[in-house]
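Here are the chains, one letter per residue:
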Amino acid sequence: MKTLKLSLSILVLSIFFYTGCSTKYVSTATVPNWEETRVTKVIVIPFIAMPEGDQKGLRSAKVDPNGVTQVYSTFYSQFEGLGYLSVPYDEVDKYKLALPGPVSVNLVRSVGEKTGGDAILTGVVTRYEEREGGPVGIKKPASVGFEARLINAKDGTILWTGKYAETQKSLTEDLSMIFIFIQRGGKWLTAEQLARYGVSEMLKTLPKAKRRDK
């Protein structure tokens, strides 16, 4: 039994080191020439709701409107922790900027010129469902998913992307989350707590801002 437990621990550790991320529910990508972008001021656009459809037999996701605001606000506040000057922007053209796919270079340049921003952060919330129950016992766990991207305000290039999607599970359902389970105090989280966790894990892969040379 001890050998089995040790083997499981080694397996879980190898999974984390291999992915380079502390949870398998997060994936990110950064352009290789990040240092050349010299991003210091980020314009944060309100996120939009884009519920996931019924895929592979899974139920369609729901998005609480308050959850969209929560994810957006969390990104805004945590960006400043990386040393960036984050600036909120109004809802004009937020759908054109947030929807996946190519963005209008003229549009991003316009936002950059109006705000003096180097890059634009935008994204979609694909699911945001609150738990049913309390931190110890639940009927249904919280489920949160969102995608974000950082767009160069000069040419529309995608500088960084991140995706998070998690429906909290118990250890009996997913043993690979043992370290995260312990970190979370062995409790069932609210949707807001999951969202904060997801944003934090995503932004760990984004380089910190560097001051420009005078």
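Here is a short report on the structure shown in this document. (Residues numbered from 1 in each chain as written. Predicted model: local features only at pLDDT ≥ 70, side-chain atom pairs only at ≥ 80, totals over all residues. Heavy atoms only, no water.)

## Digging into the pairing of strand β9 (residues 158–167)
Of the pairings in the sheet, the one linking strand β1 (residues 26–30) to β9 comprises five bridges and is antiparallel in character. What sits directly across from Thr28, in β9, is Gly162. Pairing of strand β8 (residues 143–152) with β9, which is carried by nine bridges, proceeds in the antiparallel orientation. Paired with Ala148 across the strands is Gly162, a residue of β9. Between β8 and β9, which follow one another and run antiparallel, lie five residues, and Gly156 among them has a positive phi close to 80 degrees. (Pairing = 2+ DSSP bridges. Helix = DSSP H or I, 4+ residues; strand = E, 2+ residues; numbered from the N terminus.)

## What about helix α5 (residues 105–115)?
All of the buried residues in α5 are Leu107, Val108, Val111, Gly112 and Thr115. Along the long axis of α5, the arc covered by the buried residues comes to 135 degrees, so they all point the same way. Of the residues in α5, the exposed ones pointing more than 90 degrees away from the buried face are Asn106, Glu113 and Lys114. Downstream of α5 by a residue or two, Gly116 has a phi angle that is positive, lying close to 75 degrees. (Buried < 20%, exposed > 50% of the residue type's maximum accessible area, 1.4 Å probe, protein only. Arc of directions from axis to C-beta.)

## Quick look at the side chain of Ser86
Within the fold, Ser86 resides in strand β4 (residues 85–88). Look at Ser86 and you get buried, because its relative accessible area is 3%. A polar contact is formed between the side chain of Ser86 and the backbone oxygen of Tyr76, at a distance of 3.2 Å. A distance of 3.2 Å separates polar atoms of two side chains, one belonging to Ser86 and the other to Glu80. Every residue in contact with Ser86, bar those within four places of it in the chain, is listed here: Val42, Val44, Tyr76, Phe79 and Glu80. (Polar contact = N/O pair within 3.5 Å; in protein donor to acceptor, adjacent residues only side chain to side chain. Contact = heavy atoms within 4.5 Å.)

## Let's talk about the packing of aromatic side chains
On inspection of all chains with the given rule, the structure shows six aromatic pairs. Here Phe47 and Tyr72 contribute two aromatic rings whose centre-to-centre distance is 6.5 Å and whose plane-to-plane angle is 55 degrees, an arrangement assigned as tilted. Residue Phe47 is found in the loop between β2 (41–44) and β3 (48–49), and its partner Tyr72 is found in helix α3 (residues 65–80); the two are separated by 25 residues along the sequence. Using a relative accessible area of 16% as the deciding quantity, one classes Tyr72 as buried. Seen from their ring centres, Phe146 and Tyr164 are 5.3 Å apart, and the 50 degrees between their planes marks the pair as tilted. With Phe146 in strand β8 and Tyr164 in strand β9, the pair connects residues that are 18 residues apart, well separated along the chain. On the basis of relative accessible area, Tyr164 is assigned to the buried category, the value being 0%. Taken together, the ring pairs connect Phe47, Tyr72, Phe75, Phe146, Tyr164 and Tyr197 into an aromatic cluster. (Phe/Tyr/Trp six-rings, centres within 6.5 Å; stacked < 30°, edge-to-face > 60°.)

All we've got here are geometric facts, nothing functional implied.
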